[in-house]
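Spelled out from the first residue to the last, the chains are:
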Amino acid sequence: MHYKKLLFVLSVLVVVVAGIAFSGCTTPAPPAATPTPTPTPAQEDLLIATTTSLYDTGLLDYLAGIFGPENNANLRITAKGTGQALELGQNGDVDVVMVHDRAREDTFLQNSYGTDRRVFAYNYFIIVGPPSDPAGIKDMAPTEAFDTIYKEAQTNPEVVFVSRGDASGTHAREQLLWKNAGYNYSEVRASGPWYVESGTGMGATLLIAEEKDAYTLSDIGTFLAYQGDLTLVPLVDQGDDLLNVYSAMIVNPAKFPDTNVQLSKDWINWLISPEVQDLIATYGVEEYGQPLFYPARDNWELLGVSQAETQDPIP
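Now for a look at the structure at hand. Each chain carries its own residue numbering, running from 1 in the direction its sequence is written. Side-chain atom pairs in this predicted model are given and counted only at pLDDT of 80 or more, local residue features only at pLDDT of at least 70, and totals for whole chains, interfaces and linings cover all residues. Calculated side-chain values reflect all of the structure's heavy atoms, with hydrogen atoms and water omitted.

Focus on the overall build of the protein chain
Threshold: In this description a helix means any DSSP run of H or I spanning at least four residues, a strand means any run of E spanning at least two, and both kinds are numbered starting from the N terminus. Under the scheme applied here, a residue whose accessible area is under 20% of the maximum for its type counts as buried, over 50% as exposed, and between as partly exposed, the area being computed with a 1.4 Å probe on protein chains only. Working definition of accessibility: Shrake-Rupley area with a 1.4 Å probe, residue cover restricted to the visible protein chains.
Counting secondary structure elements, the protein chain contains 15 helices and 10 strands. Within the protein chain, buried positions represent 47% of all 315 residues. Put simply, the protein chain shows about 15600 Å² of open surface, and 53% of that area lies on carbon and sulfur atoms.

In structure tokens:
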């Protein structure tokens, strides 16, 4: 072989051998470290005591299903009559109460059990009964209807009235209607078997009234939600004393330091925001042809409250 060619071949072999030796001695690079995932913050609990009508209609579950994920919150809801819901607040067992009995709400606030009342929705009570309307109350004024039911029940066994009988907001309104009709409520309760107390929520009371072919007082929202299971019909739905106003209050942290104040504020401020008021305005329309509740934000004069109670965020 020619001398230069031999030198070239030898030089190539040296380079190849050196490369192999070098590669064999190289320490492989360590694998890239797997990034540590950022832990998801634990959900905060918000304990709410609510009247059964907000729960039976599905409105509260609907709103909670939006607010919870957006705020990493777990809304734990207890549905009771207004009286029992306020008792839970008075015992410091919840963070927020959502009720519909202005007289007892005022007492709750005056006794420093609650703060920051905000009105977020309203609808109307209605008197419902069998289509045959044995007392003949259709289209009467509410107090006239109650008076007629009482008088007819004394002689007509087909006239039956089912009361919530549970210290709820609806029960309180019923008692007010008896009073306005000129009756002592304790005497009404004891006046005969025509008057039945269910001792339970609005949905269950409607089903009992259905079974007994009886009259009862209901909020319109729960009636519409249960209408598919009922033959009862609305008979009286007009009158200022049928207005039904819903509010939310924070359980006073000065009395109960464990109250989740910030999340309570966030919840109530969210309820009175324009966006959520729009959600309340349309809730039920697609299924029932009308809303189950009306937004309070722009109707404060109708509701007899201040504009601040329906629009001002809690600071």
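Considerations on the nonpolar core
What counts is decided by this rule: For this analysis, a nonpolar core means a set of buried residues of the types Ala, Val, Leu, Ile, Met, Phe, Trp, Tyr and Cys, connected via side-chain atoms within 4.5 Å. Contacts are assigned to residue pairs that have any heavy atoms within 4.5 Å of one another.
In this structure, Met98, Phe120 and Trp267 are the most contacted members of the largest nonpolar core, which totals 44 residues. Discounting residues that sit within four places of it in the chain, Trp267 has contacts with Leu46, Ile48, Leu60, Leu63, Ala64, Phe67, Leu75, Val96 and Met98. Counting 25 residues, the second largest nonpolar core, distinct from the first, contains Tyr150, Ala153, Phe161 and Tyr183.

Re the packing of aromatic side chains
For clarity, the threshold we go by: Only rings of Phe, Tyr and Trp enter the pairing, Trp through its six-membered ring, and a pair is recorded when the two centres are within 6.5 Å. The plane angle decides the type: under 30 degrees is stacked, over 60 is edge-to-face, the rest tilted. Charges are assigned to positions over rings by a cutoff of 6 Å between ring centre and Lys NZ or Arg CZ, combined with an angular limit of 35 degrees from the ring normal.
Overall, the coordinates contain 20 aromatic pairs when judged by the stated rule. By way of ring pairs, the aromatic residues Phe146, Tyr150, Phe161, Trp178, Tyr183, Tyr185, Trp194 and Tyr195 are connected into one cluster. Here the guanidinium or amino end of Lys255 rests over the ring plane of Tyr113, the centre of that ring lying 5.1 Å away.

Some remarks on the side chain of Asp95
To keep things clear, this is the line we draw: Lys and Arg are tallied as positive, Asp and Glu as negative. Neither His nor the chain termini are counted. Take a side-chain nitrogen of Lys or Arg and a carboxyl oxygen of Asp or Glu: if they are within 4 Å of each other, that pair is a salt bridge.
Summarising the element assignment, Asp95 is placed in the loop between α4 (82-90) and β3 (96-99). Look at Asp95: it is buried, it has no salt bridge, and the nearest opposite charge is Arg76 at 8.1 Å. Beyond its immediate sequence surroundings of up to four residues, Asp95 is in contact with Asp45, Leu46, Leu47, Met249, Ile250, Val251, Asp258, Thr259, Asn260 and Ser264.

A few points about the packing of helix α6 (residues 142-153) against helix α7 (residues 169-180)
Quick reminder of the rule: With axes taken as lines fitted to C-alpha atoms, and helix axes fitted only over the stretch in contact, angles between N-to-C directions fall between 0 and 180 degrees. Note that the term roughly parallel is reserved for angles under 35 degrees, roughly antiparallel for angles over 145, roughly perpendicular for angles of 65 to 115, and oblique for everything else.
Contact geometry of α6 with α7 gives a least axis separation of 8 Å together with a crossing angle of 80°. Relative to α7, α6 is oriented roughly perpendicular. Two secondary-structure elements touch here, α6 through Pro142, Thr143, Phe146 and Tyr150 and α7 through Glu174, Leu177, Trp178 and Asn180.

Overview of the side chain of Asn260
Position of Asn260 among the secondary structure elements: in the loop between β9 (243-251) and α11 (261-271). On the basis of relative accessibility, which here comes to 17%, the residue Asn260 falls in the buried class. Ignoring any residue separated from it by four or fewer positions in sequence, one finds Asn260 in contact with Glu44, Asp45, Leu46 and Asp95.

Here we look at unusual backbone geometry
The phi torsion at Asn72 lies on the positive side, around 50°, for a residue other than glycine. Within the secondary structure, Asn72 is located in the loop between α3 (59-71) and β2 (73-80). According to the relative accessible area criterion, Asn72 is partly exposed, its value standing at 28%. If you check the backbone angles, Asp133 has positive phi at about 45° while not being a glycine. Tracing the chain through its elements places Asp133 in the loop between β4 (114-129) and α6. Residue Asp133 is classed as buried on the basis of its relative accessible area, which comes to 14%.

Taken by themselves, the reported measurements are silent on function.
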